[in-house]
Structure formats: C-alpha cells, structure tokens
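This is what each chain is made of:
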Amino acid sequence: MSKENISQRKLDGYIKLAEIIQWGRKNPIGFVERFFGIELLDYQKYAFTESWSKPFVLWCMSRNAGKSTLGSPFIMAKSLLIPNFQAYILAGVGSQSQEMFMKIEKIAKREIASFTGLTDVFANELVKSASNTTGFTHNPASFQYKLYNGSIVNSLNGNYDNLRSKRSNCNFYDESGFAPDQLFEATEPFTTQNSDFKLGGDVDVTLSTKQMPNQLIYASSASATDTYFFKKYSDFAKKMFLGDKRYFVADINSDVVINATFNGKLYPVSLLTQDKVDAAMRNDKEKAMREYGNIFVTEGADNQIIKRAMIIRNSELRPPTLANDGTKKFIMAVDPARSNDNSICTIGEIYEDENVGYKLILSNSVSWTDLEKKNKTPIKTPDQIKDFKRMLLNYNGNQAADYENIEMVLIDSGAGGAGMSSWGDGLLEDWKDDKGVTHKGLIDKKNEEYKSYIGKYPNASDKVRLLSPKKYKNEMFEALIEMLELDLISFTESYDHKGVIVSTDENGEPAKYKLTQEEEMSLINLDLAKEELVSIYSFKSTNGSVRYDLPPDKQSKVHDDRAYTIAMLAWYLQQLRRKNITNKNNIQINPSQFFLSQKPKQYR
C-alpha cells in the first residue's frame, strides 16, 4: 500500500504518463514529432538521435543548417522527459543565447511559420502565474522557463564569471566556434557532478535506475584552427572514430543541407540554396568555405597581429549608425582608390568613457563600388567625393555648424588612390549641397604641400589630415594592436543576413529592429573588415624592421582596405588618448604647506 490513497483513475493516468515518458526517452524523434508537432529533416534526425544520450557532442553545421532550430526541440524534449533537468544555453555574447531561448519560446507559442503542425503540449507544461502568463521570464541577467516536473532552462545573457559553481545537466554552447576560451573554462564544470550520484534518506543507490548522463553540446559553423571549438572538434572526432560511444560529432556542410532528404526522399524546398552559397563564394571565398563548407581556417600564428577572439570579445549587437542625432562626435577614415582596389570610407564614433577615457565605436563602412562593371571597380573619384560630402553632412548632424561634430577626416595620401591630387585638392573649395546651402571646404594645414594654400583658401576648415602610408602605416597598425588589446574599439556583431536585429529592450522583452538596405550593406562591409583584420600579419626583415601586410597566400584572395581604414581610426584614437593624458593639469604644489605656519621662536 502507498502512503497516500490514489484513485484507480488517477493511478491509471500516472501509469499512462509514465509509459509515454519512457517511450519518449527511447524514441525522442517520435516524441518531438507527435507531441511538439515538429518534423525534422533526415540529417537533423540523425544528429538529434546520436546526440540524445552521449555526454560529449559537437555539431559543426553550415550556415542555414538549422543549429538553433535543432537545438531548441532537443532541449525542450530533455526538459520535459527528465524531471528536475537543468540546462544552460550559453554563447560568447548574451544576444546569441537569448536568440536560441526565444526560438524555444516561439515554438511553444506556435509562432514559427515554417513549423506548420506545432502543438500546445509544451506550453501546457510551463509553470505560469498571474504576473507571468506565458511561463517565460526575461530577466536581463538570464531568461528562464520552468516546467511542472521541476526542470529549469536558463540562458546566459551576461558575464559568465558571475555564474561559477552552478550545476547543470546540459550545457548547450551556441556559436561556440566564436566564443572565448574563458566561457568554457568557467562553465564546463557545471556538468562535472555524476548524474547518478544520490545520497541521503533510505535510498539504495545500487537499486536506482541509471540516469541520463550530463552533456556538453557545442554547436557552431566552422571557425579557425586556433579556437576552442576546433580543439573539441578534433578531439571528439578522433574518439568517435576509435569507437568511444561517449562522443559524437556531426559535420553537416552546405551540400548536405541543399540536398537534404525527408524520410529518405529529396525534399523539394531546402533550407539553403546554391545561389546563396555561390554569391558568398564570389564575395569572400575564404569566409564562404568556412561558413558553408565547414573548412576551418588556419589562424593563430605568432605573426598574426589581430586574433579573431579579440574582435569577438569587443563585438556588440547593434545597428550601424548612418547619421548624427546631434549628440555624437565622429572620425572619418578614407582609403581612396580608382581602379585596382577598393575605395573605402569607415566611420567611427569617438566618445569619452568616465573610467578609461576615449574609446571608439565602429559605426559604418562604405565601399564606393561601381556595381555595373564586371570587375566591380570603384566609381569615379568625383562621384566618390560627392557621396563623401553627403556623408560628411549626415555625420555632422542637422542644425550644427560646419564640421562641428566631425572630430577629424583622415585620408590616405598614397599616390595609387590619388589621395592628395584628387581628394586633397578636391576638398579645398567651398561647396553647395543638394539644397543649395554653401559649406566650407577642408584643408590639412599641417601638411607641407598645403601650407601655401592656407591664404588662398582662408575659409577652409582644418579638419582633414592627409596621411602618408610610407610614414604612418606601421605606426597605425601598432596603434590598432594596442587599442584592441585594451578593448577600446567596439565592433558590430556578425550579421546573419536576415534583415533584422533581434535584441531585448530594457525590460528584457524581445525587440526587433528592421534594417534598411544601407544598414545591411554597412554591416556586411564591417564583417568584411573583420576578415581583413585577422588576415594581416607582421613580417620582420633581416635588418629588424617590421612590415604589416597580407601573407602571400592571401594576396589575391583578401583585400586590406577596410582593415587599413580601421587602423587609421585606431591611430587617431591613440593620439587623442595620449594628448588627453599629457594635457591633464599638473597638480600644483605650494612648498609653504610643508612648513609650520607660525614664526619660529627667537633665541638669544
């Protein structure tokens, strides 16, 4: 007899529930399909099934392969079928873990159009209250949901150092190929405790059923060979090939996604199209091979000046800034070109942090490209200057005096891009905007070539600096290294080409920002700039001098113009910080304060 009286009807219900749960644990794919209404493609079923009960799992999947779409029902099923299950969704940046949590929420609310058969089974198992009618909480520190069986799932939104000493049955690392090593070092111990361990009461542990093992799941597209993700990829794959059943690696590239089957037959509509892959290959072959072909790129050499982890550490989810609201100051860096290279303008917002001083936010990057030409060379220089003037007014802001909010314009004066002959000369004279308003020209009064022009163009504003690459290039890249190591430059988060940015508002509620076409192009260019930055190496000559350039194997594959303009901005930031330090008022010391104020006694 049990300690509590249970009616036969309730007992039958408990037995039926236990049978369903046991069936679901043995057949997780069938459970997800029947009770959640989620149909999976064959390669997703394979990864899901093989990952179900293995402690160490890694998914290396092409872009658009559906990593979070697969991970969401996986975590949902685990939390529903295993009582008191605790899972953490983790990523290098909080917005990424939030996005996957929101995917679970959308599935529960039946808000995903591509899942046409969703049910409300999971939503009915969520613990709700009068103040929380959905069961999903959006605390800025950690999103959370709880189930009636005691299971809890959290997303890590903030500093992972604050979550040490937690306990978890499953750590799901989303986009783990681009997360810092410190994230894994701080959170992997969550799953250390043996899931079969029990102690206390009248429990005989020798008779207890074996529990599901705690899991570490790493999901991402391919990254670099110096990342933590690649180390796990290599280690797990070797152990899986040697027959260790605790390990599983799924390597799903774009070919598998494009030719995906459903129940053994080619599915007529794929998650990814060949056209999209081909377009990515044309734009940036190395990046496309990494993101769609699962080819890990070789990085991390001693002479690579910027590591990808440095950029990821300083990236934040935000749209680009295309104009001034009247409260900001901007620096504009131009690396002009006409035929053989890209002509780039990168804009950074300069601001003073109360703790560390001047910092830089990369706001926008523009490539003046003639899209009608087959080889996509830059548009004519006069057209470049015309568009630059438009941007100059936008970043100065409405109702501001000429260049009041422009900290400085930096222009590469190398002969190849006609920085001096076309740009320097072309900006001297006063000019009219589209509304017929006259604006001052620009002059570099410190440049020897233009000192004689100061009297001829007295109205020109001294807001431009023409920088010789021969003189300043090394200094610029050394400044870039220093500023990045000090975490003084902010990048935009990698763009997923979805046309929107999904974030959370001040109350922790999800918020969508729809991007304009110009904003999308800006984010694409800023992403290309990151690829260029990690491709720059330092080369030492026999006489000890250092040169910063692309390695020979990337000379014809990758440009460096966007990286160069960011180095220009970093150089100016460094100069500004040094000037700020040297200009601080010295503490005035009055020597008399160290002596007694009263007169000394006189002795005879």
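Quantities reported herein were computed from a predicted structural model and do not represent experimental measurements.

Chemist: How would you summarise the overall build of the protein chain if you had to cite specific residues and measurements?
Modeler: Of regular secondary structure, the protein chain possesses 17 helices and 23 strands. Evaluated residue by residue, the protein chain yields a buried proportion of 48% over its 604 residues. Contacts in the protein chain between residues at least 24 apart in sequence constitute 66% of all its contacts with a sequence separation of at least 6. For the protein chain, the accessible surface area stands at approximately 31800 Å², while carbon and sulfur atoms represent 50% of it.

Chemist: Give a description of the sheet that holds strand β15 (residues 406-412) that names residues and reports values.
Modeler: The strand order across the open sheet formed by seven strands is β11-β19-β14-β13-β12-β15-β18, and the pairing between neighbours is mixed. In this open sheet, the two strands that pair with only one neighbour each are β11 (315-316) and β18 (464-467). In the packing of helix α16 (residues 517-533) onto the sheet, the strands contacted are β11, β14 (357-367) and β19 (489-492), and the crossing angle to β14 comes to about 110°.

Chemist: Account for the packing of helix α13 (residues 381-396) against helix α14 (residues 419-426), with residues named and values stated.
Modeler: The N-to-C vectors of α13 and α14 enclose an angle of 40°; their axes lie 11 Å apart at closest approach. With respect to each other, α13 and α14 are oriented oblique. α13 and α14 meet at a crossing whose hand is right-handed. Here Thr381, Gln384, Ile385, Phe388 and Lys389 of α13 lie close against α14, whose contacting residues are Ser422, Trp423 and Gly426. Its residues placed into classes, the contact of α13 with α14 shows three nonpolar, four polar and one charged.

Chemist: A description of the nonpolar core should follow, citing residues and the corresponding values.
Modeler: Ranked by size, the top nonpolar core spans 58 residues in total, and within it Phe36, Phe48, Trp59, Ile75, Phe122 and Tyr145 carry the most contacts. Broken down by element, the residue count for this core peaks at seven residues, all from helix α4 (residues 67-81). Discounting chain neighbours no more than four positions away, the residues touching Tyr145 are Ile75, Met76, Ser79, Phe101, Ile104, Phe122, Leu126, Gly135, Phe136, Ser151, Ile152 and Val153. If you look at the next biggest cluster of nonpolar residues, it comprises 42 residues, including Leu360, Leu526, Ala529 and Ala567.

Chemist: Give a detailed account of the pairing of β15, specifying residues and quantitative values.
Modeler: Burial within β15 is extensive, with six of its seven residues counted as buried. Strand direction decides the pairing type here: strand β12 (residues 329-335) and β15, joined by five bridges, are parallel. Within β15, the position partnered with Met332 by the bridge is Val409. Pairing of β15 with β18, which is carried by four bridges, proceeds in the parallel orientation. Paired with Asp412 across the bridge in β18 is Leu467.

Chemist: I'd like a description of the pattern of salt bridges, backed by residues and values.
Modeler: A complete count under the given rule lists 21 salt bridges for this structure. Glu33 is the partner of Lys45 in a salt bridge, and the nearest nitrogen-oxygen pair spans 3.6 Å. Of this pair, Lys45 sits in helix α3 (residues 42-51) while Glu33 is found in helix α2 (residues 28-36), placing the two residues twelve residues apart along the sequence. We classify Glu33 as partly exposed; its relative accessible area is 24%. For the salt bridge of Arg308 with Glu531, the shortest nitrogen-to-oxygen distance reads 2.9 Å. Taken as a pair, Arg308 in helix α12 (residues 308-313) and Glu531 in helix α16 lie far apart in primary sequence, 223 residues in all. The class of Glu531 is buried, set by a relative accessible area of 8%.

Chemist: So, a nonpolar patch on the surface: which residues are in play, and what are the values?
Modeler: On the surface, Ile6, Leu11, Tyr14 and Ile15 cluster together into a nonpolar patch covering about 350 Å² of accessible area. Tracing the sequence through the fold places Ile15 in helix α1 (residues 8-26). Its relative accessible area of 41% is what places Ile15 among the partly exposed residues.

Chemist: Could you give me a rundown of the packing of aromatic side chains, with the residues and numbers involved?
Modeler: Enumeration according to the criterion identifies 37 aromatic pairs in this entry. Geometrically, the ring pair formed by Phe101 and Tyr145 is tilted, given 6.1 Å between the ring centres and 45° between the ring planes. Residue Phe101 is located in helix α5 (residues 94-108), and its partner Tyr145 is located in strand β4 (residues 142-146); the two are separated by 44 residues in the primary sequence. With respect to burial, Phe101 and Tyr145 carry one shared label: buried. Three or more aromatic residues joined by ring pairs form one cluster here, namely Trp23, Phe31, Phe35, Phe36, Phe101, Phe122, Phe136, Phe143 and Tyr145. Above the face of the Trp52 ring, Lys78 is positioned so that its terminal group lies 4.8 Å from the ring centre. In this structure, Lys456 is placed above the aromatic ring of Tyr453, and the distance from its NZ or CZ to the ring centre is 5.1 Å.

Calculation notes
Residues numbered from 1 in each chain as written. Predicted model: local features only at pLDDT ≥ 70, side-chain atom pairs only at ≥ 80, totals over all residues. Heavy atoms only, no water. Helix = DSSP H or I, 4+ residues; strand = E, 2+ residues; numbered from the N terminus. Buried < 20%, exposed > 50% of the residue type's maximum accessible area, 1.4 Å probe, protein only. Contact = heavy atoms within 4.5 Å. Areas by Shrake-Rupley, 256 points an atom, 1.4 Å probe, with all protein chains shown as cover. Pairing = 2+ DSSP bridges. Axes fitted to C-alpha atoms, helices over the stretch in contact; angles between N-to-C directions. Parallel < 35°, antiparallel > 145°, perpendicular 65-115°, else oblique. Left-handed = near helix turned anticlockwise from the far one by under 90°. Nonpolar A, V, L, I, M, F, W, Y, C, P; charged D, E, K, R; others polar. Core = buried A, V, L, I, M, F, W, Y, C linked by side-chain atoms within 4.5 Å. Salt bridge = Lys/Arg side-chain N within 4 Å of Asp/Glu carboxyl O. Patch = residues over 30% accessible without salt bridge, like charges linked within 9 Å, V, L, I, M, F, W, Y side chains within 5 Å. Phe/Tyr/Trp six-rings, centres within 6.5 Å; stacked < 30°, edge-to-face > 60°. Lys NZ or Arg CZ within 6 Å of the ring centre and 35° of its normal.

These figures capture arrangement, not role.
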